[in-house]
Every structure is written in structure tokens, then in C-alpha cells.
Amino acid sequence: MINDKLPKIWYGGDYNPEQWEAPIWDEDMRMFKLAGIDVATINVFAWSLIQPDEDTYDFSALDAMMDRLHASGVYVCLATGTGAHPAWMAKRHPDVLRVDYEGRKRAYGGRHNSCPSSPTYRLHAGRIADKLAERYAQHPALLIWHVSNEYGGYCYCERCADGFRRWLKGRYGTLERVNQVWNTRFWGHTFYDWEEIVPPNAISEEWNGNRTNFQGISLDYRRFMSDSLLDCYKLEYDAIKKHTPDLPVTTNLMGTYPKLDYFKWAKHLDVVSWDNYPSMDTPISMTAMTHDLMRGLKDGQPFMLMEQTPSQQNWQPYNSLKRPGVMRLWSYQAVARGADTVLFFQLRRSIGACEKYHGAVIEHVGHEHTRVFRECAALGGELQQLGDALLDARVEAKVAIVYDWENRWGLELSSGPTVALKYVDEVHKYYDALFQLGVQTDMVSVEADLSGYDIVIAPVLYMVKTGYADKLKAFVSAGGTFLTTFFSGIVDEHDLVQTGGYPGELRELLGIWAEEIDALLPGHTNQMVMKQELGALDGSYECGILCDLIHSEGAEVLATYGSDFYQGMPALTANRYGEGRAYYVATSPEPAFLQGLLGQLCADKGVRPLLSTPEGVEVSRRVKDGRELLFVLNHNAEAAPVELGDVVYDELLGGGQLQGTAKVPARSVLILSAT
Amino acid sequence: MINDKLPKIWYGGDYNPEQWEAPIWDEDMRMFKLAGIDVATINVFAWSLIQPDEDTYDFSALDAMMDRLHASGVYVCLATGTGAHPAWMAKRHPDVLRVDYEGRKRAYGGRHNSCPSSPTYRLHAGRIADKLAERYAQHPALLIWHVSNEYGGYCYCERCADGFRRWLKGRYGTLERVNQVWNTRFWGHTFYDWEEIVPPNAISEEWNGNRTNFQGISLDYRRFMSDSLLDCYKLEYDAIKKHTPDLPVTTNLMGTYPKLDYFKWAKHLDVVSWDNYPSMDTPISMTAMTHDLMRGLKDGQPFMLMEQTPSQQNWQPYNSLKRPGVMRLWSYQAVARGADTVLFFQLRRSIGACEKYHGAVIEHVGHEHTRVFRECAALGGELQQLGDALLDARVEAKVAIVYDWENRWGLELSSGPTVALKYVDEVHKYYDALFQLGVQTDMVSVEADLSGYDIVIAPVLYMVKTGYADKLKAFVSAGGTFLTTFFSGIVDEHDLVQTGGYPGELRELLGIWAEEIDALLPGHTNQMVMKQELGALDGSYECGILCDLIHSEGAEVLATYGSDFYQGMPALTANRYGEGRAYYVATSPEPAFLQGLLGQLCADKGVRPLLSTPEGVEVSRRVKDGRELLFVLNHNAEAAPVELGDVVYDELLGGGQLQGTAKVPARSVLILSAT
Amino acid sequence: MINDKLPKIWYGGDYNPEQWEAPIWDEDMRMFKLAGIDVATINVFAWSLIQPDEDTYDFSALDAMMDRLHASGVYVCLATGTGAHPAWMAKRHPDVLRVDYEGRKRAYGGRHNSCPSSPTYRLHAGRIADKLAERYAQHPALLIWHVSNEYGGYCYCERCADGFRRWLKGRYGTLERVNQVWNTRFWGHTFYDWEEIVPPNAISEEWNGNRTNFQGISLDYRRFMSDSLLDCYKLEYDAIKKHTPDLPVTTNLMGTYPKLDYFKWAKHLDVVSWDNYPSMDTPISMTAMTHDLMRGLKDGQPFMLMEQTPSQQNWQPYNSLKRPGVMRLWSYQAVARGADTVLFFQLRRSIGACEKYHGAVIEHVGHEHTRVFRECAALGGELQQLGDALLDARVEAKVAIVYDWENRWGLELSSGPTVALKYVDEVHKYYDALFQLGVQTDMVSVEADLSGYDIVIAPVLYMVKTGYADKLKAFVSAGGTFLTTFFSGIVDEHDLVQTGGYPGELRELLGIWAEEIDALLPGHTNQMVMKQELGALDGSYECGILCDLIHSEGAEVLATYGSDFYQGMPALTANRYGEGRAYYVATSPEPAFLQGLLGQLCADKGVRPLLSTPEGVEVSRRVKDGRELLFVLNHNAEAAPVELGDVVYDELLGGGQLQGTAKVPARSVLILSAT
């Protein structure tokens, strides 16, 4: 349990009372109670309030609010407030200001605005975390720490350049090694002195944000920046832990945010928390995948839904309302996939600046007689009723999809073979196929223990790090099913190509050699033609983006290309390796193919869908103390029938006992537990 | 009359003899005469010529040209020439150079290039205006002063930052108040010292030109910059008025140019003048609306058409020729809507630099045997014939549309709910409906006296400034019809949301509450379904962009939404308030709906079309000393019939007497006056 | 012959052994032999290796590689390596770093990265060229010098500003003259001191790369930058020639690369070489035209194909494989049009940095058992068999198309009349028509002697330089056929409009006057309607982009516009002038029209197609010592029949003797020589 002071699904969210006058606070407390809100995240952006200058700290307002919340039965997720530095700090100590991608020294403004190498920032961030932790260590309202906010962005200043050089020394020891892993003989970029190295941005090696002359430099700068921001987090973490060693500490992550290696970060979080902001047209399975990824960051440990909007966002181009029922449905989607909290940004809408059109539990109108508030209050009541029934329940999966931030960096920094290749989209294609099949899936890192899985899927495993090929071989040898795709096994962790034939270290395992890689022009496709029926797969399927031209070196050819000069060459292969099989999908197929293929792989391994559901009905399962909790989420605008078979289920949200064909109302959810 | 020295519609335009050798000037004078040209705007960009260094002023060339024009019967609109500073000034006094939106100090180049806070610029601009006015005060050719040229653009330098801080002190007094109106508790941006405030641009709070973290800061910076450039104008104005208190002074505006608050500027112009550059596919009614807006800047006072092209522009992506007749037609369109001058950019085409492919009365070929010259000369003759018949005539309207630059800033700076909302386009939708109906309309500021109007329309009145709601209530109470739309009444003049329920201070007047605001994805629409027939309105109409979810609080519901979860909620309401009615259009409807609705509102108030005309035939009316002058403008490529009824009209452009069905030739105009 | 040491078509390409360990080199030598490779271009990016600091030069690795290649029978194209400076140089002497278009001082990175005005760069570039030439002057492997690499990009630093001022003094003498040719009276930009002049970039007169306020300034800066980079080339050239006066020197050009005036450059190259990188959807005739342009740079002298990819590129958005046969086909296309070498980038694929996904003869797999290697080796064998049969053969054409970089600069910098006008595309339209007709064409500069041609075509000859109109008149007087188009004859070499009527100095020759120029909106067209049949031309053809409104002043009107207000005005004219005729195409027509027109013009002059071929079959002819070598290139994916008639041909690629209907295999080539 995240904190057993509050043994239920936490409910509440970001609360910024400092933006309001005191009389409003009474109204807030009244409405929190109406809504069943029991957690408020405060102090997220109050640094300038608490520390109005270099030497003054004024906790009086925060003291009062902590006490008031406690008196109102609301617990506190206490932020350190270091997500945006005060204006006085920028004026007095310009080292806190970043140099941006374009090489410009920033002036004061925005958030994500502190240079991670800034001595001023580090000094003051650490100090305020220390003071807060010391002051509130024993406060009865305090549930958890929330360090900074949505860490992100990079800096390219001289201090970061120095830091980068030190980081490189630490990682590589010698400049010779740096030159080697960056292949600086290319274009004669050999460095003879550490000081010659500069950060890769739009005035040196990069352009357009992710185009670069030197993939190795750009890859290492991403690692360094991710580590630098993590250092900032860790110094606050350490300061806090001195005072409250037993209270959990987190910072809110952002799903597939590309700039930080969250698997590395998660090791330093006591509990993962994240902010979920799908837009109206985000695929449901993309949100599901991201929840599963966040759960995977700490090997399945339940996570916190730290932010979602009660209804509307403000920063999308078109900010649609969440339709009636959707907020509840998506809240349970998070819970179904491992969340033990349901928190909002924000509890009361601000009246000025850029987030004033972001939805809130308490809207600008200020009273409870709104659709949004009613839906929030109804959910609040429901969560109170659920108590601890779902807390700490685990998701169990026999299928894992590998996700790797460094692989993404390498892949998307590469110059060629195609700009159409997007890592998250390719991963999502496989995830979506399993999602549609109703198969529970874990999202795992390359460090994950694979032994508990029957099937491991690594879409576009472009970068194969030291030892990973061996891990995969061991997994397959022992009977596992492994699947990877085109443009895999190409480079090592330095983005240096493994010579000797693609897919490099995976070649033996897969039993194929990829001789060439063809990039298709937009609108062009090829076909995957099944050599014979394979489960539901038969005939021909469209494919595109990249087509590897492969030769079998022992693998069985299951499908071939249907056109172009490589017509007849293998497009899908399966290779026996030890007790298991390794599949290679040589191109990017249409969804029907992937559902057919993964359905067959699951069937071969005895991996069963959780439930057979109609389109648009999601299913996920958590298990607590051996009790299965089956979530059935109907994302359709109409009610949907679900076949439960002979088992008799208790429905936990007031649905009584169900059996046979159950009807899930439109945009609603069932939580089923076999009697 | 602008200046009764020349009691006719002035005809001529920008003339840059300094780009040519003397022999050309003789030819110019000859051709001006052929074309009936009687006004030349000179010295617009001759600063560097007149003041070749810090201390030297050489007026000899200007003296000679003034005399020569006078001798040729051509009057002068004399520019001060401060629209672009000399190169020597930039080299010697870099403070005249701006810092741009990207934070870069500019090098010498372009125009709109002077920092409005530059002491050098202010000193020299004031001084040259003073010297010019002193020198030419008594010159017989001098008709009017033309200060600088098309003021525009912003600067973000340190001096402007200082100026901004002073401006803020002047407006708000205390830093506490600044923090309050900017809501700087958001993201902890509280300022504790004036020096901490920096201009909002791409290295601080803004990006992409109109995206910002702090709407309040960005709004005030626009006000400050508009005021700063106005200060530059005013210092020249004052210098001139010392010498020629009775001569009019203007500067040429640019229609709906977004960066300057022209209503504020117009108070300091003796006569409004503007540059009209529609492209081939600009809607005719958009040009008409902009003329009406320019007329509205000084409450209906006739204005100057300072620039238009005889045929071709150069800075559009695709610079089409004006078709035969179109130059004349559009000239009369300006006159029909209040212009008392018809002036061109430019009289002779330059041969080098970026405007050499901009049309001119005298083309590169240099002689009068061109289509363009012939059309110019024909119009010149016609205007001579018209004499003072139209001068000082007023446009009278019973319908007003409210236009407000600060509202536009607030609206378009806002983050959410949709990027599809463009202020000018929404205003134009209502204007266009009235235009198609043939109803004369005024464009008015929020400071305008409304008592003379029957109907006031304020599309997307997002920002309701202090006292404006009361003014509207008084207007409606007294029997007026008021209409506003979705996303109105949201914020005060600081862009701070009015809590307590949208549309804020307008809620009582409108008798509705807007609970939520849905943004539609591109390509998505809803429908407005009439509850019963209303004039020509019946059945269902498409609508989109935003849909307010409103509740009637006393207003009559005239139409409801046709689909989505808010199907059946009000989409159009009318509220009785005192003797009048206030309408709320909760979304952005298709044109047919607006024409139907506004047609009915006009009918209800007895506001009649000027004339019933076929599509593409524009009508406008000016009144001089009780005599009505009806302009009928056929924008079609074919002749069009117009029903004049039983009245017998004199046609002022040589058309004799007309009655019954008159035929307006293709791309031609009638000016009718009842006998 | 480029160098008679190797009297055959050179075969090989860029080779970067410094990126590899020694054992790989043995394998390289073995595979070069297998592939018939006899030339390696080395040292292209090895500056930092050879000169690791200010004073140290280490040639040991290069010595060894030269010897090893020689021992393996591979000759050397020796690069000076100055295409990218070492990192230590940037750190120690920041003057080598450029200031970019945005006004930013660059940090170390990339290539094309040296300021051409940098004393450091010039010193060290000259010195290394000198040292290399001294050292290897007598090396038996050395065939040719390759200075730097793909010169390109501009700098805008203070040193370049100074250089620009000096260059202007040299060109114009006085500041008065500069002001005149730049027409600086416009916007009052008169310069009173040389120091006031600054480079035109995004912080001064330009934006978006090719938009400018002052075309004259921007045009001269392009000339200056082209000259400055050429100076850098020349100082290396001179250093080399001291030591090896008889060895040829080149630098690799980039086809229609817009930033350098290659006609001016070519005078300083002993042999032209260029890098040919069409993408999969580049029209075949565009590649052909570019080869012809490169051949034209030195008046038809055979050139070097310095780089092409064996199969895949990396920097296109979508990098398709070259289909089987295409690499060979495109290699012969180069030879057919004048190339005497077939060289690749690159011989072995690098494993790190941005070109690792660029194809190579030796792929990452490292062995010879690949499709790509097999195709390379087959071609290598074929080229060995051909020996010197094709070397030094000349292309003979009776039709010339004029191409001029300065004309392109002027045209594309102009503001108006349309953004749709692209010089290379317009030139290509005419080239393509001739290509489809099978007519051999030369691409020539405005300095070319025209006396040998029957037909000269100058599409969009916007800029007519001093004396060029006279040259054209002399050509036509003597019986030649000249054709030009809309928007021609507009400006002189300073981009100053020629007053007195378009097309300026060409007006008499063409017998027309262009009164106006209409720009069509996207998607809009007009029609060219033939007044009577003209060869294959009859009826009506679509046209667009710009329509000149012309009057005949003696020219025969062959076609008129079909619609709009200028319907019936001339759209195509022919003017008798002396013994010849001058055609004017007043708009941009569809391909069918141009093929018809040019077919007729050729027929009139007795210019015959080389061969009549089906669509997709290219034909070109070289002549050696009176022997005709006819290349027939089938770009189709299917075999194509070609009518050879009664002549009996030897086919040089092993096809034996051919007569009558020959079948050219899919994507294959015949080289025919009449027996």
C-alpha cells in the first residue's frame, strides 16, 4: 500500500489555494467533502511564495493549509515546488536559466526552466526540500512527497557542457574511447581534448530537434540530460528521506515522454506516478499501453494516476469535453491496469494564465451544480464504497512487450532509412493486437526478468545492448516464444552497427539474414502472402514503411512478399531455438495480420484471452490475495453484451451477481470477481 | 472636408521621385495631368536623403519637388519619412535597432525597424518632423501631413523592458497589483521587484508569435507596444502642430492589423487613413467590413483611402492582376463606405528592390498606353466631374457590430478551447450576413455611444471591460436588440475569468448560463435545430468550432442542438430585458442561419435593406446635407439587374435618370440620388 | 583523357580506411579486386587525422594506404580533406566557425562548417594542400586531386561582412555606384559609409532563406559568397599546382545546387566532377539534364561521376533501394551524357554517425555475397572490357538550353509575381520535351558560343546581362531559332528593371511587348489555343503559373489565350529576325504543348531525333574520333523494342550485332556503334 494511513483508492488532485483568497477555501473544503475527495496535492508551484528571496522562508500559509486540509479530512500529497524557479532567482542568479536548443540564453519565463547543472538551482532545490521535509515530517495530513513536477526539457549551457564532459569521462574513461564509440573518424571529428566537445544542438551537430550528424553524441547527450535531471530529483529525494525515511516519494511522469529514460528514473521513485492526458481521438489501447508501461517501470508495482482532467484540457489544438461517463470509465481504466489512486489536475480552476481553460472538479462557476462535479462526486462515493478491495492488487501477464527509451533514441535519431518509422507507433501496433484479443500484457524494460513470460515481443529492437541477445536466447531455449521485427539487431548501445549481417547478435536466434532494407514511398505498400494457413491467417495482407529483404538461415518461412523485385522472399519466419521459437516480422503489417499472428502465438502457448469481448470493450485483470478482479470497460457509446459463461461473478460497483450474458452499459465498467 | 483647398475626392498616391533622375520628373508631371492626379504623397522613405548624417539636413530636393508639383497643379500629402531609419543611424546609434521576437538584436535592414523606446529614434524623428513642418508650413501645395508609414511590429530590447516596467507602474501603481492582474501565483511567477519583469517573447513566456504562458503579461505587452509606437507618432504630431495647427495630420493604418489598437490611435489622428490590399480571393464583404471599421475609428468621420494598387501587388503569394473595371469598382467601394480620397501606392513603379513588381499608375514601360493607365485616367476624369458631390457625406446605420482589439488579443492569446477560433473571421460572419442582406452596418468600439442603434452585435465578446455590461444593459433596457455569441463574457480586461458562471457580467442580460464549452474536432459539426419557424429560419443548420452548453435562465429557447450528448440543449436564445431583447448564439453557425437570423432581427426592428440586390451586388449609402447617395456595386463578371422601384434616381456617373429595373454593368457601379 | 595512367572508365569511389582497423583493409583490397575497382578517393575527411594540432602533420597512415592501394592495383583520387575542419581548430581559433543565416555564431559540428573568410581556415587549408601535393607529387597511385568536398553554405560573420565590402569596392568602385545598383533610395536605405553595409540574412534584409527586401544586396551577397568559397578552392588549387602542374585537380559539385555559380567555378577546375543522388521518384530526364548541365560547365568536356550510391541513400525522407539493374543503368546514363568515370560513395559502409545507412559497395555484412556487390562487380567487369572505347568521346548537339545561376538568384529572390515559379522546373519542362523527343541537347551558360547551334532555348531569361541581347540577335540574324518565355528580359545583371517595356532588350528580337503579367491562383489555368495547326500542335492546351499579356509588334501570333479577360491575346509568337526566328511562349504550358512545339522547331531546322524510342527509353550519343556511340537506356521495368532501321550496329556490351527491331531488356542499356 502506498501509505496505509488512507487504505482506499486515493481521490483528489492538484490544489492551488495560493491563487485564491481565504473565503474560497471554506467553499473548497465543503465541496471536497461533497465530492468524496480525500487527497490534495499542494505546493506544486509555490516556491516563490515560500521563499520570496534568497534567505527568507515563510511557511505560514502552507502550515495553515496543511492544518485546514487535515481538519477537513483531506490528506496531502506534498510537492516540493521546484518545477519552476522564482523570478527573483533568475534575476539574481542567471545560471538557473537554460540555454535552449537554438543556443539562446533564456530570459525568465515558463516552467521546466531550470538548468539542471545550475549550482543555484541545485542549492536551493535541495534546501527547500530539506526544509519542507523537516517541517512537515510529522504532520498528520502528510501521505506522500511529490518532488518537482513533470521533469522535462534539456539545457545546452556551458555548465551543462562541462557536466557532459565529466559524465563522458565517467562513462568512457578516455577520450580515445569516446572517439571510438562516436565514430568520430567520420567527417574527421576526432576530439583531442575534452574541452573540444560541445553539446549537440541547433548550432552544432543537430537540427529540427531530432536530426543529428552524430547519433552517438546525440544519444549520449540524451542519456546525460536524463541523468542530470534525475540527479536534481535525487538530491531532493535524499534531502527528504533524511527526515521521513518511511514516507513514499515520487515525481509525476508523463507516459511515453521521449526525453527521459523512465526505466532508469523509476529505480529512484518509491512509487511511480503519472499524468494521463489522452485527447478525444487517442486510441483507447494507446492509453492502456501507457498505463501498462507505467506499471512496468517498477515491475508491476501499483502506480498512482497523479493527474487527469475531469473533463476538458486546454493545450490540445481542439479541447473536447469528456463525454458523460468517460471520466469515470477512464479512471477505472487506470485502476484496471494498476493504479491505486485517481487524482485530477485540478481541484479548482485558476482564473488567469495559460491553464485557466483546463477542466477542474470545481469549475469557474464555483458551485457543485455542474455535470462535471456531479460525475466527480459520484465517482468519489463509489471509490469510498470500494474501500481497499482493489488496493495492491497485481496484474499478471504471460506476454511481455519490450520497451526501451535508448532504443527509441537510437532509432529516431538515425538518418535513414525512413522518416515514417516511429517507435511508439510500432510498439503500439503489437500492443493493440493483444489488446483487441483480450490478452493481458506487460510492458517491460530490457532489464526485466523474462522467465515468467511465455511470449516476449520486441518491436523494432534496433539497439541490442550488451548481454541482451544472450538473455533472449536463454528465454527461447527454455521454451519461450520471441518475436521481433524488421530493423532489429542493427546497432549496439553506442548506435554502432554490428557488422557481419543484420540482425546482428539476433541472427542465430532468428535463423535469418537481412541483406537489405527497402523504404517504401508514402502510399506504397507490399503484401505479406501466407505460405499456408496459420490459425486465422490466410491469404494476403498489406504491409509497408520498411521491408527487410531476408534470407532464411534455418528459419521456417511462413509468409513471403507479394510484389516488387523481392516478391517471394520471406516476410515472416519462425525459427526453432532450443525448446522455443523466434519469429521475425520483416515489415510493418496491417492490424488484421498482427491480430491473427499474435492470436496464433498465444494459442500455441496456451495463453488465453481474459474474456472474449465485442469491439470497443476492454478487459483487464488484477489479482489480490488470489482473488481475481476482472475489469470490463465498455468504451462504446452503446451498451455491449459480454459473455461470462457459467461462472457466477460478484460485480463490485453495485451490479450484484452476474452470469451468462452480461450487459455493460454505454461508457461504463463492470468489476467482476468470481464468487 | 479634410482640407478645403482641394474640394473634391483627392486622387493620386505615393510618389518617390528621389528614385529617379530629373528628366523623368517632367514625364511624371505630364502623365499626372493626363490621369487627373491632383495629390502626391511624397517623402515617405526619404529620411536618409534629407538627413545624410547626424547634423546635416538638406531640403533642396524636397523644396524643388514641392514647387514643381505645385506648379503642375498637384497638391502634396507630405510624409515625415520616419518609417525606416537611415543606415548611418543604425551604425552610429545601435539603440535604434530592435531586438526581435526571437531575442535577437537586429542588424540594419528592412523597415518597421526602429525601436520605439530608442532615444536616438525619438530625438531624430521629432526633430525632422519639426524641421519639415517649420519649413513647409506655408507651402501652397501642402494639403496634409503623413507621419511615418504603416507603424507596426514590436521590439523586445532592454530599453523597451524598462519602458514596460514604467508603463506598468503607471497603469497599476504597485507590483502587488501587477501580480494580481497577471495571476502570477500560477506557476509561482510572483514578481518581488520590478526589475524581474521581462518582455514576453520567444526566450521568455511566449512562442509561435501568439502562444503564451501568461496571457496577462502578453496582453499588457501588446498594450504597451501599441502605446509606445503611438507615442512615437504623437511626438511627431505635436512637433508638426506647433507649426501648422490647422493642417490635418494622419498616419496610414492597415485595416485589421492585429498589433496596434487603432481605436486608441484614432483619437490622435485628425483624419483616419488606411491602405487597402485585398487579394483576388478576399471576400468582397471582408473589404467592405474593413472600410466600415476604418470609418468607425473616428465615429463615422470620412476617411482617406491612402493606398491601393492600380492593379497588381507583389507580396502576396500569387499576385493576380485586377481585372478590367475592378480598380474603379473597388475605389468606389471605398468611397461608398466613407472614403473621401482615392490614392494609390504608387504613381511610378520602382525598378529595384522588393516592391518593383507592385503595380503603379505609371508602369515600367513608362508611357500612358497601358490598360492600367487608361483605367486610372478614366477614373481621374470621373472624380473631377464628381467634384464635391460626395465629400463629407456620412454613412448612417441602425446596426452596429462591436470590434475590439483588446478582445482580439485576449481571445487569440488564450490557451484553449480551440485553435480554430479567429476573431476577425467570427466578426466577419455576422458582417457578411448583414452585407448579403443589404443592411448598412457600422463597426464600433466598446467606447461607442450605442443609443443611436437599433441592433448591436458583439461576436465573441470574450472580454467584457469595466462598465461595458452596464452599457449593454442600458441599451437593451431602452429597447435595443443585442446579440452575442459563444465564449463571451468570459474575462475582464486583464484576461481574468469572471467566476460565478459564464457569460459573467452578461449572464443576467442574456438570461442564460453556459455550463461547458465543447471544442469540435476539425471536420466535425453539430446542428442548430429551430424549435419553430423564425422568419426565414426553419429546420436544421450546421454549426461548429465551439458549442456552448447553455441553460436558459429565463431566455426563450429558439433553437437547440441536434446531436451529441447535448442534443436538445439550447443553441439559440432570446431574452427579454426591459424593452429590448438579448440574443445568444451558442455556437458558430453556417451563413444561411446567420442571414436568416439577422434578417429577422432587422425586420423586428424595422431596419430595412438599402435595396434588394442579386448576389454579388453590394449596396451602401452616404448622406450629404439630407441627400441620399446610394452606391450600387456589381462585383460580378456579368451585368446584374437591380430593382429600384418607383423612385426616380439621378445617376451621378453619367448614367442619366433611372427607375424600375436598372442594369448595372459587369464590375461597375451606379451612384444614385433620388430626384 | 583525365589521366592517361588509367585509360578506361575509372571505377571505384570514396574510401575511408581511417574508420577501420588494419585487418579490414586486407579484405577491402580483396573485394576491390573482385569488383573491378581501380580508383579509390581517399582522405576526404581525414584532416583531423593528418593534422592533430596546430603544428603537427602525420602522414604515416596516408603513406601506408597510398602504397597499399598502389600495390593492389588501385589508383588514388586524393582529397585534401578540407571539407570539415578539425575540432581543435574550432576550439582554438573560433574564426573558423561560421555565423549562420539566423545570425548565430556556430559551435563545432557538421561539415560545410568553415567560414570562407577565416584567416585560420585559409592558412591551414592552403598549407595542408601544399604539404599533400609536395609529399605525393610523384606517388605512382596518384591520378587526380580532389579539393575539399561539396563546397556549400554561406557565412554571415563580421569578417565576411568586411570581405563583402571589399568585394563591393572591387566590383563597383564607389559607394554611389553601389547605392545605384541596389536602388537604395527605396526605403531610404542609402549608404554613406562602407561600414554601414551588413550581410543580408535573417537579422537584416532577408528571411526564409530566399526572401529579401533588397534583391540587389542579396544577389551580390550570393555572388560574393560563391566567389569567397571559390577563393578557398583556388588557394588549394594553386598550392597543389606548384607541385603537380600536370595532374588534374577537381572538386565535386552538386548538380543544380543553388548557392554556387558553377559556371564561374568550372573555369578553375581541370575537370568537372559531380555527385548524382536522384531519389526514386526523380524524373529520369531531370537526372539527364543535370548530367548535361555538368558537361556544359566546361563546354562539353567529359566529366567525372564522382559519387553515386550503389543502392540506398540515407538522407532522403524515404530511402528506397535501387531496383536490380538500376545502378548499372544509371551509371551508363552518366556515361552516355559525358561521364568518363563511375564512382561511388562509398566503398565500405561506416558503422557510426549519420551516413551509416548510406549504401556502399561493401555493405555492413562485409562479404561479397550480396545483390549490391554482385551488381557492382558485374559492372566493374564490363567497364574493364570496354577499355578506352568511350573515353573522351564528345556529345554533339544542335540544340542548347541556357542555364544561368545568377538568373536563378534574381528570379527566385524576386518578390512577386508568384511563388509558384521555380527556375529549375521551368528549364526542366523544356529539357524534358526534347528528352522525350530523343533530341540531343546541350546545357550552356550565357557565355557560351552559340554559333554551333541551330536552336537556343532560354526559359525564363529574367535577367539579361550586358551584351547578351546582342549575342542572341546575332545568333538569330544568322539563321538560328531562339525561344524564350514569359517573365524574360525583365532586369539587368543588378536585378534593376529595364524600363521601356518588357521584355526589355529582347523586345525587338521577339517582336512583342509584354504589357502585364498575371499570376494564377493555385489550381487555376488558362489555355493556349492554336490559331492553326502547327506540326503536331492543334487545338487547345492548358497553361498556368504566369500569363504574360503580350502585344505583337511584328511577331506572328501562333496561339492565343483561351479564357479570362485576355482571351484572344497572343500566347505564342514567332518573330522573323534576319535569317532566323525568335519564339516567345507567354506562359507555362503543359508537356504535350512543349513536345509539339519543340518537335516542330527541330523539324524546321532539320534537327532529328537520335532514334525514335518508346516512352521510358532514353537515348544519347557520344562521338569518338568520328565513331558514333549510341546509348539506348530502357528505364522501364519491362523490355522495350527499339527500331534501329537498316543500319547494322555493333553492341559494345556483349550484345553482338543488331539491326531492325532490337529489344532492350528491362532496366538495361545498349551501346550501339554503326558497323
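Residues numbered from 1 in each chain as written. Chains lettered and ligands numbered in written order. Predicted model: local features only at pLDDT ≥ 70, side-chain atom pairs only at ≥ 80, totals over all residues. Heavy atoms only, no water.

(A) Region of interest: the overall build of chain A. Counting its secondary structure elements, chain A contains 17 helices and 29 strands. The C-alpha radius of gyration computed for chain A amounts to 26 Å, which stays within 12% of the reference 26 Å derived for 675 residues, consistent with globular compactness. Overall, chain A is about 75 × 75 × 40 Å in size when its C-alpha atoms are taken along their principal axes. Looking at chain A residue by residue over its 675 residues, the buried ones come to 70%. Summarising the internal contacts of chain A: among those between residues at least 6 apart in sequence, 73% fall at separations of at least 24. Taking the 63 positively charged and 88 negatively charged side chains of chain A as two groups, their mean positions are separated by 3 Å. (Helix = DSSP H or I, 4+ residues; strand = E, 2+ residues; numbered from the N terminus. Rg over C-alpha atoms; globule rule 2.2 N^0.38 Å. Buried < 20%, exposed > 50% of the residue type's maximum accessible area, 1.4 Å probe, protein only. Contact = heavy atoms within 4.5 Å. Lys, Arg positive; Asp, Glu negative; His and termini not counted. Charge placed at Lys NZ, Arg CZ, Asp CG, Glu CD.)

(B) Examining the domain arrangement of chain A more closely. Residues and elements named next belong to chain A. The domain boundaries assigned to chain A delineate domain 1 (10–154 + 227–386), domain 2 (158–219), domain 3 (399–604) and domain 4 (617–674). Domain 1 and domain 2 are separated by 35 Å when their C-alpha centres are compared. Facing the eleven residues of domain 1 at the interface are 13 residues of domain 2. The junction of domain 1 with domain 2 conceals about 740 Å² of combined surface from both sides, 58% of it contributed by carbon and sulfur atoms. (Domains from an automatic or database assignment. Buried area = accessible area lost by both parts, 1.4 Å probe.)

(C) Examining the packing of aromatic side chains more closely. Applying the stated rule across the entire model yields 102 aromatic pairs over all chains. Between phenylalanine 565 of chain C and tyrosine 566 of chain C, the ring centres sit 5.1 Å apart and the planes meet at 80 degrees, which makes this aromatic pair edge-to-face. When its relative accessible area of 0% is taken as the criterion, tyrosine 566 of chain C is described as buried. The ring centre of tyrosine 57 of chain B lies 4.7 Å from the NZ or CZ of lysine 131 of chain B, which sits over that ring. (Phe/Tyr/Trp six-rings, centres within 6.5 Å; stacked < 30°, edge-to-face > 60°. Lys NZ or Arg CZ within 6 Å of the ring centre and 35° of its normal.)

(D) Looking closely at the environment of tyrosine 583 of chain C. Residues and elements named next belong to chain C. Here tyrosine 583 lies in strand E21 (residues 580–585). With 18 residues separating them along the chain, tyrosine 583 and leucine 601 place their C-alpha atoms 9.6 Å apart. Excluding residues that lie within four positions of it along the chain, tyrosine 583 makes contacts with Thr481, Phe482, Leu483, Thr484, Leu510, Leu558, Thr573, Ala574, Leu601 and Asp604. A polar atom in the side chain of tyrosine 583 sits 3.2 Å from the side chain of arginine 581. (Polar contact = N/O pair within 3.5 Å; in protein donor to acceptor, adjacent residues only side chain to side chain.)

(E) Representation of the relation of the copies chain C and chain A within the structure. Here chain C sits on chain A after a turn of 120 degrees about the axis and a move of 0.1 Å along it, with an RMSD of 0.0 Å. Classification of the inter-copy transformation places it as that of a three-fold axis. Judged by C-alpha distance, arginine 104 of chain C is the residue of chain C that lies nearest the rotation axis, at 5.2 Å. (Least-squares fit on C-alpha atoms with pLDDT ≥ 70 in both.)

(F) A look at the interface of chain C and chain A. Taken together, the 51 residues of chain C in the interface contact 53 residues of chain A. Carbon and sulfur atoms supply 56% of the area that chain C and chain A bury against each other, a total of about 4,500 Å² over both sides. For chain C, the biggest contributors to the area lost against chain A are Tyr108, Tyr318 and Tyr357 of chain C; these three give 16% of the whole. Applying the counting rule to chain C against chain A returns five salt bridges. (Salt bridge = Lys/Arg side-chain N within 4 Å of Asp/Glu carboxyl O.)

(G) Representation of the interface of chain A and chain B within the structure. Of the residues lining the interface, 50 residues belong to chain A; the matching set on chain B comes to 53 residues. Across the chain A/chain B interface, buried area totals approximately 4,500 Å², and carbon plus sulfur atoms make up 56% of it. Considering only the surface of chain A that becomes buried against chain B, Tyr108, Tyr318 and Tyr357 of chain A emerge as the three largest contributors, covering 16% of it. Note that arginine 371 of chain A is salt-bridged to glutamate 516 of chain B, the shortest N-O span being 2.7 Å. Our count for the contact surface shared by chain A and chain B stands at 32 residue pairs in polar contact (both at pLDDT 80 or more). Mapped onto the side of chain A that touches chain B, the elements with two or more residues apiece are helix H2 (47–50), helix H4 (87–92) and helix H12 (371–386) of chain A. Here the side of chain A that touches chain B gets three residues from one element, more than from any other, and that element is H4 of chain A.

(H) Highlighting the packing of helix H11 (residues 326–336) of chain C against helix H12 (residues 371–386) of chain C. All names here are of chain C. One way to put it is that H11 packs onto H12 with a least axis distance of 9 Å and a crossing angle of 35 degrees. Contact residues: H11 offers Met327, Arg328, Ser331 and Tyr332, while H12 offers Glu375, Cys376, Leu379, Glu382, Leu383 and Leu386. Residue composition of the contact of H11 with H12, by class: six nonpolar, one polar and three charged. (Axes fitted to C-alpha atoms, helices over the stretch in contact; angles between N-to-C directions. Nonpolar A, V, L, I, M, F, W, Y, C, P; charged D, E, K, R; others polar.)

(I) Structural detail: H12 of chain C. Residue and element names in this part refer to chain C. Taking 1.5 Å per residue, 16 residues should reach 22 Å; H12 reaches 23 Å between its end C-alpha atoms and fits that length. Every buried residue belonging to H12 is among Arg371, Val372, Phe373, Glu375, Cys376, Ala377, Leu379, Gly380, Glu382, Leu383 and Leu386, and all of these are buried. Where H12 ends, the next residue or the one after it, glycine 387, has phi of about 55 degrees, a positive value. (Expected span 1.5 Å × (residues − 1).)

(J) Broad picture of the nonpolar core. Of all hydrophobic cores here, the largest spans 677 residues; its most connected members are Phe487 of chain A, Phe487 of chain B together with Phe487 of chain C. Setting aside residues up to four positions removed in sequence, phenylalanine 487 of chain B forms contacts with Tyr357 of chain A together with Leu411, Ser414, Pro417, Leu421, Val460, Leu461, Tyr462, Ile517, Leu546, Asp548 and Tyr584 of chain B. (Core = buried A, V, L, I, M, F, W, Y, C linked by side-chain atoms within 4.5 Å.)

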